[in-house]
Each structure stands twice: as C-alpha cells, then as structure tokens.
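One-letter residues, chain by chain:
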Amino acid sequence: MRARSLFLLIAALGLTATLAACGGSSKSSKGTTSSTSGGAAGGTFIAVAQAAPSGSPDPQIDYTLQEWQLLIFTHDGLVAFKRVGGTEGTKIVPDLATSVPEPTDGGKTYTFTIRKGIKFSNGNELKPSDVKYTFLRLFKIGQSPNAGSWYNVIVGGDACVKTPKTCNLDQGVIANDAKSTVTFHLTRGDPEFLDKLGVPFAFILPTGTPNTELQIPPAGTGPYKWAQYNTNKQVKLVRNPFFKVWSKDAQPPGNPDVILEKFGLSGEAQVTQVENGQADWMFDTPPADRLNEMSTKYSSQVFVNSLTADYYFAFNVRIPPFNNLKARQGVNFATDRSALVKIYGGPKLAVPTCQVLPPGFPGYKAYCPYTKNPGSGKWTAPDMVKAKQLIAASGTKGAVVKVNTDTTDVNKAFGEYFVSLLNKLGYKAQLQALSADIQYPYCQNSKNKVQFCYSSWYQDYPAASDFLNVLLGCASFVPNSNASPNISEFCNKPIQAQMDAALKQGITDPTGANTKWAAIDKAVTDQAPWVAMINPKYLNFVSKRVKGFQFSPQWYFLIDQASVK
Amino acid sequence: MATFIVRRVLWLVVVLFAVSVLVFLIFFATPGVDPARQMAGRNPTAETIKNIKHEFGLDRPLPVQYGLMMKHIFVSRDLISYGSHTKVIPEILSAAPVTLSLVFGAAVIWIVFSILTGLAAAVFRGTVIDPLLMILALIGISIPVFWLGEVVNLVTQSRLHGFFLFSWVPPLGYTPFTQDPLLWFEGLVFPWLTLSVLYIGFYARVLRANLIETENEDYVRTARAKGISERRVLLRHTLRTSMITFVSLFGLDFGVLVGGGALLTEVVFGLPGVGLLTYHSLTSLDLPVIMTTVIYGAFFITLASALVDLVYAWLDPRVRPA
Amino acid sequence: MAVFEPEAELATLDTEEFGGEVVGRSPWALAGRRLVRNKLAIAAVIVFVLIVAVSFAAPLYASHIAHTNPFESNLSGTFQQNGKTVQVIQQGAGKLGLGETPVGPTWHAKYLLGADNQGRDVSARVLYGGRASLEIGIGSAVLASLLAVVFGLIAGFFGGWTDAFLSRLMDLIWAFPVYLLAISLATVLLTAPNGLRIGFVHLSASSLWVPLTIIGVIYVPYVFRPIRGQVLSLREREFVEAAIAQGASNARLIFSEILPNVASTVVVLLPLMIATTILTESALSYLSIGVQPPNASWGTVIQDGQGLLYTRPWVAIAPGIMIVLTVLALNVLGDGLRDALDPRSKLRMKG
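Attention here is on the structure that accompanies the text. From a predicted model like this one, the values you see are computed outputs, not experimental measurements. (Residues numbered from 1 in each chain as written. Chains lettered and ligands numbered in written order. Predicted model: local features only at pLDDT ≥ 70, side-chain atom pairs only at ≥ 80, totals over all residues. Heavy atoms only, no water.)

What chain C contains, in helices and strands, is 13 helices and six strands. Residue burial in chain C is summarised as follows: out of 351 residues, 60% are buried. When the accessible surface of chain C is split by element, carbon and sulfur atoms take 66% of a total near 13900 Å². (Helix = DSSP H or I, 4+ residues; strand = E, 2+ residues; numbered from the N terminus. Buried < 20%, exposed > 50% of the residue type's maximum accessible area, 1.4 Å probe, protein only. Areas by Shrake-Rupley, 256 points an atom, 1.4 Å probe, with all protein chains shown as cover.)

Right, dumping it as structure tokens:
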C-alpha cells in the first residue's frame, strides 16, 4: 500500500494474523506501547489535521488511515484486530461474532455465530441479516475500491462487481436470524479472508442504510457514534448510549467522552496547538523546522515508531535514458542517501536503504551494492567515481530527464535533490511536481512517459510478495492504465519465474520461500529498477495531558485508548 | 433602466457560460487526468473504475457531461466533489462565511484608513506630510501580500509571541463567529490588517488625486466663493464628488475578493475560505469544485461591475444611461 | 449605446489621472527635463538599475565571492567558518535529535544569508532569483503592452463590431479571476508529458517562457482599456480628421498620427505594469505554479523559506525585501513619468 501522505489513501493493513516482525515499536522515548488501556475516562480529545480524509466518508468506500483510525471505534466487523499496541495488535480476535471460526470445506466456508444483545447507535438490535445487508451494500454501492479485488472471493461477488444493481449474494452469504448465524461461501480458499473482515469496508451497518454514498458514516455498534462530519470544519464523535462492552480485546470502551478532529490547520499551526495544549494530537507529520524544538522542549510528548515501508524513486526501464542498466546503476551509486535521510528529518526518523524489502521483513537480508566499500550490506557513502564511469559508459549523458514528484514539502525536496544530482551527472533534469492527489496515478500511466518518479509503499501484510511482486512483477504493469502499480514497468522474465516459484513454495514452506525471496530481492536490486532511498519511521506528537499512548501496527495511534483526563 | 438590467443579466449569462466552458476544456485538455481513477483508491480493478465512470457520468460525450454538470450545479444542486466525495455547494457555502468575514473586516479597515490618509494628504498638500503619506501608501502597494503575511506570522506567532502585545494571537486558522466571537475576532485581526494594507495605499492615492482634481471644479470654487467654510467645502462637496470613483473601485475590488481573490491571504493564514478551496481544487484537478468556485467567482466579479455601473449612474447624473 | 464603459476600472493601474485629455505632439524633451528634476524619480531609477545590475551579476557573485553553485544541492556538505568545519545542514539537538536545520546567516562571503533546506547559498539564490523575476516581469509587461496596443489600436480605430468583439473578449478575460486562470493554465502545462507545442514554439514546464506568457496574457485587458479609450478619442480629434480629409491611408493614420500619441500612455504604464507582473510572478511561484525548479525566482525562494520561517527566517525575508524595493522603485518611477508626461499637470501650470 502506498503513501501515508496527507492527501492520499493510506490504510495500514496488516493483512495476516501471524506476523513476523511487522511495524514493531522501537520506542524512542518513554511511553509504553503494549500497556492495555488505562487512564481516566471523560473529557474531550481534540485532534487537528490539515484536511479532512480524502475521498468519501462512507465506511464502505473510504480508504484512508485518517478515517479508519476513527471508524474502528464507531463500528465493528465480525472479527477485529486486537486493539492494543505492539505486535499483539495484528492478532485477529472475535468481535461481533462469538468466536473466530475455523474454515470448513477446504477453506471455502466460514460460519459465524453473532453475539446477542448488541445494539446500533440508532437503537436497533444487531441481527445476522444486517451482516448480509452490509455485504450486499458493499457491492451495490458500485464504487467500493476493493470490492472487486478483495471481496469478490465471496460466491456471487464477481457478478455483483459487474452489475451492482442486480447484485444478490444468495449463494455467498447466508444469514439465519433464528439461529444467529451467518455463513460465507467462497469461490476458493483465501488465507486472508478474516483480515478482510476486520477492516472498515466490512464493518456491519444496520439494514436499511441507503445503497448510495453517504455524507457521514451511518449508525454503528462501537462505543462512539458520528455526530458531525464537515470536511471544512471538523468531525465530531460522541458516546454511543447503546454501547455495552462485550469484548475488551476487540472493542474496549473508549476514554474520552467526545472526540473531535478539526480540519484546516497548517502543520505549523498544528504543532503550536499541541504544544500549547489547545489540541491533543496532530494527524499530519510535523513540519521539519519544528522538529528541533519538539525534541528539545517537548521530548516526552513525542513517540517514534518504525514502519515497514519504502520511499523510492522508480526509473522507467522502458524509455531512455534509464532503459540502460548502467545509467540506472550509475545514478544509484551517485545517490547520497544520507542527504535523503536529512531531508526526511534526520537519522532518528529514517534509515538509508538500497534494496526493495524493508528491514525486519520476511525474506529481508541486508544488501547494498550501491555504496562505497560494499559488502557489509549497509550503505555508507556515495561512490561518485564509479557512478561517473558507469554513466559515461552508458552513453546517456545529455539526455533530458523529468523528475516527477508531488508537491508536499519533503517529497518535493527529494525531487529537487535528484534534479541537482542528475544535472551533476551530466543529464538535463527538470522537476515536475504535481499535486499529491494526481501524482501517483499520473506516474502509473505509461502514456505519460514519466522517466523518474517518486513513490512510497507501506505494507499491506508482511509478505515479501507484497513488495516484490506487487511493485515489480510483470502482471503489475498494465500499459496505458492509471492503475499500474509497477511504475518502473520492470518485467524480467527469469526473475518473474523465480517469484512465481517462491509464491508457490510459500503455501507449503514459508521459510524456504523466504530464502528464495532474499535471492530475488538481491537480483532485483542488481537490476536497479529503483533508487531505493529510505525506510521511514512514524512520529506522533501529543499534548502533555495525553496518557496511555499506544501504537498499533494495524491502526497506528489508538486515539480512543488515550486518556485526556 | 430595464434594458440596462436585461443587458447586464444577459452579459452575466454569457460570461458564466464562456468561463465554465473554458474551464471545462482546460480540464479535459490536461493529460493524465482520469477522475474515475482518482476516486477509485489504491489498487482498483478495471470494473470498479468502470462503475465509477458510469456513476459519475464520465463515460458520456463531453457536451453531455458539461450539461450534466451544469444541471447538478444549478438545478439539482447536488454536484459531488471528485476529491472529498461531498456535495460541492454546501462546501462552498461553508467556505463563504470565512471569506466574507475576512473581506468585510478588511474592507472596513481599508475604507477608514484610506479616507483618513487621503484626506490628510490632500489637506496638508504642500507640507512634508503629503509626500510622506504618499510614499507610505506606495510602500503599501509594493509589498507582496503573502510575504507580508509570512512576516506577520513570524512576528506574532514566533519571535514576539511571548511579548504582551502579541501573546493573545491565536494559532493560525479560523474559528466561526457562532462558535466563539472573541476567538473569531482575534484570529482575524492580522489577516484583516495584512489584506487591507495594499488597499489602504491604493485608495488613499486615488482619493487624494480625486480630491485635488475636484478642488479645481467650478462648483467647488462657487461654494468657496459663497463663503462656505473650508471644512464644509471639503466634506460636503469635494469629498462627496471624489467618493464616486472611490465607491466604484470599492465595488469592483470587493467583488473580486469575495469571489476568491483573497486566495493568497487565505493561504498564508490558513483560512479555509473560497480562495483556499479554489486553490486546492485547482492543484488537485477536482473539476466539480473548480467549476463551481470559478462560476461563483466570475458571478461576483460580473455582478459587482454591473452594480458599480448602476451606482455610478445614480451618483453621477452626467453618465446616466440614455 | 445605453451602456457606458466603467472607466473607473482603469484606476487599478493608477491611470485614472490621465484620461482622454492628451495634447497633440508629446513634448518628450520637456517631459524628460521634468523627470530629471524629480529627485524621487531619479532615486527610483538608480535603485532599479542597481537591482537589475546586481541580479544580472549573480553568476559573478556565485563563482567569485560565494564560491558556490546555487543550483546544486549540498545537503551533506561542510564549509569553514572561523577556522572550524561546519555542517551546512545540522542535525537537531535535544534528547531525540530530530530534525535537520540548515546553517543560518554567517554574514561572511560564504552563506552570507545562510542555506536553504537543500544546503544552497540563499544570497546567491536571491540574486539568481532576481534575474528570473525581472526577466519574467519585464517580459510579460512588454508582451501585455504589445498585445494591448495592437488590440487597442484595432478596436479603437475601426470601432463597430471589431471594437465590440475585442472589448467583450477583454471583459471576458477580466471576469475570469486572474489567479484562477493562471493556476489552471500552469497546471495543464505542468502535466503535459512533453510540454506544449504551438506551431514552432515548444514550451516545456520548466521554461521561464511559461509564466511569462501566462502573466502577459492575463494582463492584456488592463492596458487595453486605457489605450482603446485614448484611440477612440484621438480619432475624433482635429488633426486626425484633417489627415483623413487629406486622404491618408489607414496604415499611415495609425502609425504616424495615433501611435505616437499612444506611446506616452504606454511609457507611463510600463513601469507600473512591470511592478504588477513582478508581484504576480512572485505570487504564482509562491503557490508553486510559476517558475519551476531548477530555476529560481524571488517567489520560489520565499516558498522555500516558508518551511524554514521560524528557524531560518532570512530565507523568506531577503527575497521579499528585494521584491518590495523593486516594485516600490517602479511605482515611484511610474508616478514620476506620469507627472512628467501628464498633460493635465501642464494645464495646472498654465492655470
């Protein structure tokens, strides 16, 4: 998944229950990540953000971390990711269902028993037929982003994606109100099905919710409900009077009485408000020129957590000048990754990298050929001599290169760095900085002939294929399409064959497969389809009165579990 | 008078049509734009994109799309933004009070101060005060408003924020009047002042020039000859006549600012008004919002110029429409 | 016509003081003498010339005084200050060591005003930025004036439908909010994969011609209106009617009778136009839709400085001061020129 950037879709799915080392929480300062919620209830928690989440506020359409961070405590799925910080936070636990069922029929049938006595915030009691209604709506609404890629595994799903109007899931979802059960039939075994039920797309809505895009999330079953949603002003969540705790792991009661998220404040203003205690948490990344002040005066309010993510620039390997391997390697040797770390905020906030897989990931083996004195696997310094030799040998000097990036401060600075570097290496580089809303699809479309493009990727689930196959596999390149995540247009037949083999082996022998993925990572890195830049960390800044900060690898900061009393 | 109004209304329609068609064409001439893809999220299937295209009518021919969009703006008033997926018209209606608050307050400041400055300069003509005031006015005209805003922020938010003079200044942003009138006022004081600097300088110069010009008009001389006191002449005759230009200028500038022209001030002070909305929609190519804000802006500009003509004719019988 | 022209709008450019009353032959020599006597105007000329000279000497400053390339990122660089080696970009202090801050003003030849977030010398960038800002400002003002003179002559001279059409067209551009027009044009150009091709002209987004053309076009109506009005009134004047009576051709009329009279208006307007276009350029660049990297202008340097406002305010302040000085000088010069050329001041002298 891509980009935690301000405007873009975000979503931090940990789409796998068994998690190796995802999003671990290397704590910087004090504050415990794994402590269960404590602290006093009451008060108003005020979050501030530059803008409302992009896209629809409808829970079945929205695909942003910003809104998911709120939806998790207003709505429930049949199962949930355990609501705690640390690695425990990727565990699947029963939520509206009484237990997590074992699939039958070769992984194709799941039967859930629905808890009794749970009420929606509109007073209606939850029934199994609501579950069926929710999944019908997911398809009927016609624009749920992942309906066709995640939930079409349900029998009848593909037909629903094709013609949403006539959607019926009579074979796929069978609700029995009398027995309080819901049975799902899938077209094939799907090891990630439970994870897909634990995210907001599959959160249960009351029967009768209109099958059209909503302007505010409808009634849910969580401890809070949406009282106001105004993209220019604020979001307001208040307590759901019908909520009673049924599982502390899945849906613990929240601490604050009211949760506000105010929009329209610049990053600078957000920092100031949090420092002054006028706001309790800022959603956006703090601007670079305030970091120093935060780490000197407010260090106890700062929390830094590792993420499994890559920031990179993708070469287009099909058009000049970077269809030339030597040119790509040359640029890689010349790239001063410590400069890039500085742009991101310094060594405490980012780690330089040369390869595709992030540290701690399955299949990760430190490898960095593009450095002075390679061998240790770590990047130490750029090698300009080698870079210039390679580029001279490539014969690509003098070519015009457009460096494409988005207009957010940090990413634009990355772009400016590369414009300067490429000019130094003898190219004629120009910057093309587009709004973050359009830059990613723009780069993906091969029609736009982008030669060098900024991008970033955050894990969906901790599997090497999520990076290597999704971003650099042959099938991920779709010519002339805005939905083509393989921006490099990289398709190497022998490497693809290795990936296919590793994917197959992974079903039976994950460890063996991971050795293969390490080799693939190395082979891809040698082909240099990217300049891999850094692995970022996530910084949260909260007000002095916030107690009980928890960082879940799944949902990041657990807002409702913090206390402001 | 009736023909005048009919003509002006027709012209307004022509302007709005031309401006909206132009925006529409510019948008679709922009490469790499596929609103359906933008709306579809991270990794959509072709089917999803197709559904969205259909849902939003993006698979229809361009003229039909244009017609649909106009229908959604003017008839059913339920146009949906590609970016935030919320209805555009309420979005603009909730941004308008911010812009209105900013422009009204600034207008009050600039009217008061420019009249005072202009009068003072005209009255003290021949002394050192006149050129001094006029140089100050010129400096006001020469400062880029966004830069002035940044310097103001630097002083009031950071460098001298601890100082008692500025310690009351709230962080950047907007508080609705209905929520907290005091905070609304405090948050707008510096945006008002910053925005009005340019206009104070400009209007003071115009007023001074007009005052001096009117001084030589026959009826002013007559009034003076009749023995009316100098102060009365100034306030009753000279100033009144000079206000014609002043008022018409004011109408036009006000229209432009209300229509989104205060964009830079809104950007610098983080005020979520129409200008900021327009700016964001333009950079993210959110056509429905661009369309609505541009029509909104052009409407105010054209309306203001029509009103100004009307007022002008009313104030100055010499130019009454035939 | 039942409708009259809202002449008041002219005032936007301070032209309200000279309307139709233009005397026959412009006594340029007299005007020149009057201008020289205006001390303020002379000071303005000197300031403007100085700024232009300094800006165009930017390469000399960069290579001989600051010894730096202001277009090259220098994030990992170091330099000598008071005998010590100093990092250009320094890691944040404090317990957490977060953030990176560029070096502040050294008030020495190297990094006189400090570095920006790419580690580049701000003082050298301000000078280079001035060059681009002046080029765009002067270029677009000249472009707008040229177009406006051509259209104004045609509209005013031929009148009728030609005039109606051109005037309405200008009204239309006028009704389109300036920044909106500029932003949408700039966005289109920026996203075009290979720039824009109009006939032989090829524009790529990073070219200075893009903001120059955009700004030039949007300001045409501002010059068009006074010129058209002047041509209209000139056509009714005795000396033109006399020329018509003598059977002068249209071309002769335009070039030898009307154009010289319009010229003084353009001369007065030009400095004011340049002042306006420089302000517009800086605003567009500040919104990142004007000058594109690797080029720099005063507006882009202010934008770079915005992110450093609270820690390194000089990055944003310095180019702003340059803009204020330049625009102020141009405005004073415009005033002086008007006083020198304005026929009504002569009337006043007579009276």
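Each aromatic ring pair is summarised here by two numbers: the centre-to-centre distance and the angle between the ring planes. Residues and elements named next belong to chain A. With the rule as written, the count across this model stands at 66 aromatic pairs over all chains. Aromatic pair Trp226 and Tyr229: ring centres 5.9 Å apart, planes at 40°, arrangement tilted. Each member of the pair, Trp226 as well as Tyr229, is classed as buried. Here the aromatic residues Tyr63, Trp68, Phe81, Tyr110, Phe112, Phe135, Trp150, Tyr151, Phe184, Phe193, Phe201 and Trp555 are joined through ring pairs into a cluster of three or more. (Phe/Tyr/Trp six-rings, centres within 6.5 Å; stacked < 30°, edge-to-face > 60°.)

So, about the interface of chain A and chain B. Each partner contributes to the interface: chain A provides 43 residues, whereas chain B provides 36 residues. Between chain A and chain B, a total of about 3200 Å² is buried, with carbon and sulfur atoms accounting for 54% of that surface. Of all residues in chain A, the largest losses of buried area upon contact with chain B belong to A:Gln143, A:Gln215 and A:Asn232, amounting jointly to 16% of the total for that side. At the boundary of chain A and chain B, one finds zero salt bridges. On the surface where chain A and chain B come into contact, there are one residue pair in polar contact (both at pLDDT 80 or more). (Contact = heavy atoms within 4.5 Å. Buried area = accessible area lost by both parts, 1.4 Å probe. Salt bridge = Lys/Arg side-chain N within 4 Å of Asp/Glu carboxyl O. Polar contact = N/O pair within 3.5 Å; in protein donor to acceptor, adjacent residues only side chain to side chain.)

Counting residues in each nonpolar core, the largest one holds 350 residues, and the members touching the most others are A:Phe45, A:Phe135, A:Phe184, A:Val403, A:Phe414, A:Phe418 and A:Phe452. Here the element with the most residues in this core is helix α12 (residues 314–341) of chain C; it accounts for 16 residues. In contact with A:Phe184, other than residues within four places in its own chain, are A:Leu78, A:Lys108, A:Thr109, A:Tyr110, A:Phe112, A:Val131, A:Phe135, A:Ile154, A:Gly172, A:Val173 and A:Phe193. Residues C:Ala58, C:Ala66, C:Ala124 and C:Tyr128 belong to the second largest nonpolar core, which totals seven residues. (Core = buried A, V, L, I, M, F, W, Y, C linked by side-chain atoms within 4.5 Å.)

Attention now moves to the sheet that holds strand β10 (residues 281–282) of chain A. In any sheet, the strands associate via hydrogen bonds between backbone groups, in a parallel or an antiparallel arrangement. Residues and elements named next belong to chain A. Strand order in the open sheet made by the five strands is β7-β8-β9-β1-β10, with mixed pairing throughout. Edge positions in the sheet fall to β7 (224–229) and β10, since each has one partner strand and no second. The pairing of strand β1 (residues 44–49) with strand β9 (residues 258–263) spans six bridges and is classified as parallel. What sits directly across from Ala49, in β9, is Phe263. (Pairing = 2+ DSSP bridges.)

Our focus in this paragraph is the sheet that holds strand β4 (residues 109–113) of chain A. Residue and element names in this part refer to chain A. Taken together, three strands build an open sheet; the order of strands is β4-β6-β5 and the sheet is antiparallel. The sheet terminates laterally at β4 and β5 (173–176), the two strands that pair on one side only. The sheet shows a mean angle of 15° between the axes of neighbouring strands, taken without regard to direction. Of the strands in this sheet, β5 and β6 (181–185) are in contact with helix α2 (residues 128–140), which crosses β5 at around 155°. (Axes fitted to C-alpha atoms, helices over the stretch in contact; angles between N-to-C directions.)

The angle between the axes and the distance between the axes are what describe a pair of packed helices. All names here are of chain B. Close contact between helix α5 (residues 88–123) and helix α10 (residues 230–261) brings their axes to 11 Å; oriented N to C, the two are set at 150°. In terms of orientation, α5 and α10 fall into the roughly antiparallel class. Every pair of crossing elements has a handedness; the one defined by α5 and α10 is right-handed. Contacts from Thr99, Leu100, Val103, Phe104, Ala107, Trp110, Ile111, Ser114, Ile115, Leu119 and Val123 of α5 reach α10 at Leu234, Leu239, Met243, Phe246, Phe250, Asp253, Phe254, Leu257 and Val258. Each residue belonging to the contact of α5 with α10 can be placed in one class, and the counts come to 17 nonpolar, two polar and one charged. (Parallel < 35°, antiparallel > 145°, perpendicular 65-115°, else oblique. Left-handed = near helix turned anticlockwise from the far one by under 90°. Nonpolar A, V, L, I, M, F, W, Y, C, P; charged D, E, K, R; others polar.)

The subject of this paragraph is the state of the cysteines. All names here are of chain A. Taken as a whole, this structure holds four disulfides over all chains when the rule is applied. Between the sulfur of Cys443 and that of Cys453 lies a disulfide, 2.0 Å long from S to S. Disulfide Cys443 to Cys453: torsion about the S-S bond roughly 110°, handedness right-handed. Of this pair, Cys443 sits in helix α11 (residues 436–444) while Cys453 sits in strand β16 (residues 452–458), and the two are 10 residues apart along the sequence. Pair check on accessibility: Cys443 and Cys453 agree, each one buried. For chain A, the disulfide bridges join cysteines in the arrangement 1-2, 3-4, 5-6, 7-8, where the cysteines are counted in sequence order. (Disulfide = S-S within 2.5 Å.)

Residue and element names in this part refer to chain C. The end-to-end C-alpha distance of helix α2 (residues 39–56) is 26 Å, a good match for the 26 Å that 18 residues give at a rise of 1.5 Å each. Looking at α2, one finds that the buried residues are Ala41, Ala44, Phe48, Ile51 and Ser55. In an axial view of α2, the angular spread of the buried residues amounts to 85°, which keeps them on one side of the axis. Exposed and oriented more than 90 degrees from the buried face of α2 are Lys39 and Val49. Tucked inside the fold, the buried residues of α2 contact α1 (28–37), α3 (58–65), α4 (122–158), α11 (298–306) and α12. (Expected span 1.5 Å × (residues − 1). Arc of directions from axis to C-beta.)

So, on to the pattern of salt bridges. All told, the structure shown has 24 salt bridges over all chains when counted by the stated rule. Between A:Lys132 and A:Asp170 there is a salt bridge, with its nearest N and O atoms 3.0 Å apart. You can see A:Lys132 sitting in helix α2 and its partner A:Asp170 sitting in the loop between α3 (157–162) and β5, a full 38 residues away along the chain. Owing to a relative accessible area of 46%, A:Asp170 belongs among the partly exposed residues under this scheme. For C:Arg252, the salt bridge identified is with C:Glu257, shortest N-O distance 3.6 Å.

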